[in-house]
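# Structural overview for review
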Amino acid sequence: MKFRYAMVCSSNQNRSMEAHFLLKKQGFDVSSYGTGAHVKLPGPSLREPNVYDFGTPYKHMLDDLRRKDPELYKRNGILPMLKRNSGVKLAPQRWQENAADGSFDVVFTFEEKVFDMVVEDLHNRNHVLMKTVLIVNLEVKDNHEEAAVGARLTADLCQEIEAAESWEESIDDIVAGFEKQHRRKLLYSISFY
């Protein structure tokens, strides 16, 4: 694969990790991140989420939720998700703290608010390398079924980008073809590191 990819959602749990898992399995050079202040997972009610700091190992979250209510978190898919995540990497990482990971060629976000945060963050960084980066938003609802669909669509789009002679010259055609085929609107921006 020619490019380095970053998958970004809010908590680095569901959408970005499903895409990270699939792309890694397909041989892509991929990392994943969240942009939120904390990692939030559903709790017993909407007003009682489980909140963790970025960097808390997925295994710790898994053990914590197993202690709290194993039936609830198995039924709502959180335990299997955390188990998958712990097989991909140690812990959720925050996008805004990823400078040590190096630069990426393509960044995928799965929510417009996250897209805006990534674009703003890249704009505010020191542009030492002046390296071009493509940021693409594919809107994906934050549930397990939609995350799986979003990951497959992201993998398809990554294949298209990889196949292009120069994504900079063909991104408009790649996006138009994707939108027509999948009936999903993409938002994208080109920025610099």
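In the block above lies the structure referred to throughout.
From a predicted model like this one, the values you see are computed outputs, not experimental measurements. (Residues numbered from 1 in each chain as written. Predicted model: local features only at pLDDT ≥ 70, side-chain atom pairs only at ≥ 80, totals over all residues. Heavy atoms only, no water.)

The volume enclosed by the largest pocket comes to roughly 430 Å³. In this structure, the largest pocket is lined by 21 residues; those nearest its centre are Ser11, Lys40, Leu41, Pro42 and Asp142. (1 Å grid on protein atoms, 1.4 Å probe; cavity = no way out; pocket = protein on both sides within 12 Å on 5 of 7 lines; lining within 4 Å. Points joined across faces, edges and corners; volume = space filled by probe spheres on them.)

So, on to the sheet that holds strand β6 (residues 132-138). Whenever strands of a sheet pair, they do so through backbone hydrogen bonds, lying parallel or antiparallel. Spatially, β2-β1-β5-β6-β7 is the arrangement adopted by the five strands of the open sheet, whose pairing is mixed. Taken across any chain shown, the strands that pair with only one partner, and hence form the sheet edges, are β2 (29-34) and β7 (186-192). Adjacent strand axes in the sheet meet at a mean angle of 20°, parallel and antiparallel pairs treated alike. With six bridges joining them, strand β1 (residues 4-9) and β2 adopt parallel strand pairing. (Pairing = 2+ DSSP bridges. Helix = DSSP H or I, 4+ residues; strand = E, 2+ residues; numbered from the N terminus. Axes fitted to C-alpha atoms, helices over the stretch in contact; angles between N-to-C directions.)

By the secondary structure assignment, serine 32 is in strand β2. When its relative accessible area of 0% is taken as the criterion, serine 32 is described as buried. Among the polar contacts made by the side chain of serine 32, one reaches the side chain of histidine 20 at a distance of 2.7 Å. Among all residues touching serine 32, those that are not within four sequence positions of it are Met7, Asn12, Ser16, Met17, His20, Lys89 and Gln93. (Buried < 20%, exposed > 50% of the residue type's maximum accessible area, 1.4 Å probe, protein only. Polar contact = N/O pair within 3.5 Å; in protein donor to acceptor, adjacent residues only side chain to side chain. Contact = heavy atoms within 4.5 Å.)

Counted according to the given criterion, the structure contains 14 salt bridges. In this structure, arginine 184 and glutamate 146 form a salt bridge, with 3.4 Å as the shortest nitrogen-oxygen distance. Of this pair, arginine 184 sits in the loop between α7 (167-182) and β7 while glutamate 146 is found in helix α6 (residues 144-163), placing the two residues 38 residues apart along the sequence. A relative accessible area of 25% places glutamate 146 in the partly exposed class. (Salt bridge = Lys/Arg side-chain N within 4 Å of Asp/Glu carboxyl O.)

Turning our attention to the nonpolar core. Counting residues in hydrophobic clusters, the biggest one holds 29 residues, and the most contacted among them are Tyr5, Met7, Phe108, Leu157 and Ile161. Elements with a contribution of two residues or more to this core: β1, α1 (15-25), β5 (106-109), β6, α6 and α7. Per-element tally for this core: the top contributor is α6, with six residues. In this view, phenylalanine 108 contacts Tyr5, Ala6, Met7, Val8, Val136, Thr154, Leu157, Cys158 and Ile161; residues no more than four positions away in its chain are not counted. (Core = buried A, V, L, I, M, F, W, Y, C linked by side-chain atoms within 4.5 Å.)

Look at any regular strand and the pattern is simple: side chains alternate between the two faces of the sheet. Covered by surrounding structure in β5 are Val106 and Phe108 together with Val107 and Thr109, the residues of both alternating faces. Pairing geometry for β1 and β5, over four bridges, is parallel. Considered in β5, the bridge of tyrosine 5 is made with valine 106. Direction of pairing for β5 relative to β6: parallel, over a ladder of four bridges. Bridging across to β6, valine 107 finds its partner in isoleucine 135.

Summed over all chains, the structure comprises four aromatic pairs. With centroids separated by 5.4 Å and ring planes inclined at 85°, the aromatic side chains of tyrosine 5 and phenylalanine 28 adopt a geometry described as edge-to-face. You can see tyrosine 5 sitting in strand β1 and its partner phenylalanine 28 sitting in the loop between α1 and β2, a full 23 residues away along the chain. Using a relative accessible area of 6% as the deciding quantity, one classes phenylalanine 28 as buried. Seen from their ring centres, tryptophan 95 and phenylalanine 104 are 6.3 Å apart, and the 35° between their planes marks the pair as tilted. Feature note: the residues Tyr33, Trp95 and Phe104 constitute an aromatic cluster, connected by ring pairs. Directly above the ring of tyrosine 33 sits lysine 89, whose terminal nitrogen or CZ lies 5.6 Å from the centroid. (Phe/Tyr/Trp six-rings, centres within 6.5 Å; stacked < 30°, edge-to-face > 60°. Lys NZ or Arg CZ within 6 Å of the ring centre and 35° of its normal.)

Bear in mind that shape data such as this cannot, by itself, settle questions of function.
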